[in-house]
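Summary of the model geometry
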Amino acid sequence: RLFEIAQRTIPAGVDIIQLRDKNGLAKEILEFSKRILQLTKNRVPYIINDRVDLAIVSQAWGVHLGQDDIPVKTARKMIGSKALIGASCPTFAHARTAAEEGADYIGFGSVFKTLTKPGRRPMDINLLKRVVKNIQIPVFAIGGIDLKSVLRLKSMGVGRIAVCRAICKSRNAGRAVKLFKTSIE
């Protein structure tokens, strides 16, 4: 199903694909990565969540790290200077540290309630404003974002969003991507 969603969203203009598979076997992730990289034809960055080793072996564009993963600085040594490294950050201090350690971008949230992280409460939206204003690398709002909330985020100065459920669960994933792009731009 994820591959089918990618087939529909890449032509619609999705800007980056991140595989978030907390329970997948390494072999399955590598097989999926090979198929996605063939599909993207190096036009759309593809990154793997958490697993620097699989990002290297699959020749993905990079890796996205959470607070419980290896530090950005260590990942940079492993994966090299040309790879993309993103970091999930729930606090200003985490965002500052990720930027100082060489992250290329930050996923900041959870901005809103999300089923992806059911135990996490949404953050104070003013914290997101502070991060967007003060962190010098790209900041993506993440967590529970839907078409209604995009305009609210945009009015606060947010220019980048990461969306999962609202695209993957939509009846027409390609159309959903186009609507999100139009809304944020």
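The paragraphs below set out a description of the structure included in this document. Not measured: the values here are computed from a predicted model.

**So, the overall build of the chain**
Along the chain, the regular secondary structure elements total 9 helices and 7 strands. Principal axes of the C-alpha set define a box for the chain whose edges measure 40 × 40 × 30 Å. Burial statistics for the chain: of 185 residues in total, 43% are counted as buried. Looking at the chain alone, contacts between residues at least 24 apart form 49% of all its contacts between residues at least 6 apart. In the structure as shown, the chain presents an accessible area of about 10600 Å², 51% of it carried by carbon and sulfur atoms.

**Quick look at the environment of Ile16**
One can find Ile16 in the loop between helix H1 (2-9) and strand E1 (17-19). Given a relative accessible area of 32%, Ile16 falls into the partly exposed group. In this structure, the C-alpha to C-alpha distance between Ile16 and Tyr46, residues 30 residues apart in sequence, is 6.0 Å. When sequence neighbours within four positions are dropped, the list of residues in contact with Ile16 reads Val44, Pro45, Ile47 and Leu84.

**Points about the pattern of salt bridges**
By the definition in use, this model includes 5 salt bridges. A salt bridge links Asp50 to Lys22, with the shortest nitrogen-to-oxygen separation between them at 2.7 Å. In this pair, Asp50 is assigned in the loop between strand E2 (46-49) and helix H3 (52-58) and Lys22 in the loop between E1 and helix H2 (26-40), connecting sequence segments 28 residues apart. Taken together, the shared-partner salt bridges connect Asp15, Lys181 and Glu185 into one network.

**Concerning helix H4 (residues 72-79)**
Residues of H4 that are buried include every one of Val72, Ala75, Arg76 and Ile79, and no others. Projected down its long axis, H4 carries its buried residues within an arc of 105°, all on one side. Check the buried side of H4 and you find it contacts H3, strand E3 (62-65), strand E4 (84-89) and helix H5 (92-100). Two residues or fewer after H4 comes Gly80, characterised by a positive phi angle close to 100°.

**Digging into the environment of Phe180**
Summarising the element assignment, Phe180 is placed in helix H9 (residues 173-184). Distance from Phe180 to Val163, taken between C-alpha atoms, is 8.8 Å for residues 17 residues apart in sequence. The residues contacting Phe180, other than those within four sequence positions of it, are Ile145, Asp146, Leu147, Val150, Ile161, Val163, Ala166 and Ile167.

**Describing H1**
Taken as a whole, H1 has its buried residues at Phe3, Ile5, Ala6 and Thr9. Down the axis of H1, the smallest arc covering the buried residues is 160°, so these residues share one side.

**Topic: the pairing of strand E5 (residues 105-108)**
The alternating pattern of E5 places Tyr105 and Gly107 and Ile106 and Phe108 on opposite faces, both of which are buried. Pairing between E4 and E5: 4 bridges, direction parallel. For Cys89, the partnering residue across the bridge sits in E5 and is Phe108. Running through H5, the crossover from E4 to the neighbouring parallel element E5 is right-handed. Each parallel crossover has a hand, and the one from E5 via helix H6 (residues 125-134) to strand E6 (residues 139-142) is right-handed.

**What about a nonpolar patch on the surface?**
Taken together, the side chains of Ile56, Val57, Ile70 and Met78 make up a nonpolar region of the molecular surface, amounting to roughly 340 Å² of accessible area. Positionally, Ile70 belongs in the loop between E3 and H4.

What counts as what
- Residues numbered from 1 in each chain as written.
- Predicted model: local features only at pLDDT ≥ 70, side-chain atom pairs only at ≥ 80, totals over all residues.
- Heavy atoms only, no water.
- Helix = DSSP H or I, 4+ residues; strand = E, 2+ residues; numbered from the N terminus.
- Buried < 20%, exposed > 50% of the residue type's maximum accessible area, 1.4 Å probe, protein only.
- Contact = heavy atoms within 4.5 Å.
- Areas by Shrake-Rupley, 256 points an atom, 1.4 Å probe, with all protein chains shown as cover.
- Salt bridge = Lys/Arg side-chain N within 4 Å of Asp/Glu carboxyl O.
- Arc of directions from axis to C-beta.
- Pairing = 2+ DSSP bridges.
- Right-handed = clockwise from strand over helix to strand, strands pointing away.
- Patch = residues over 30% accessible without salt bridge, like charges linked within 9 Å, V, L, I, M, F, W, Y side chains within 5 Å.

No statement about biological role is implied by the geometric values presented.
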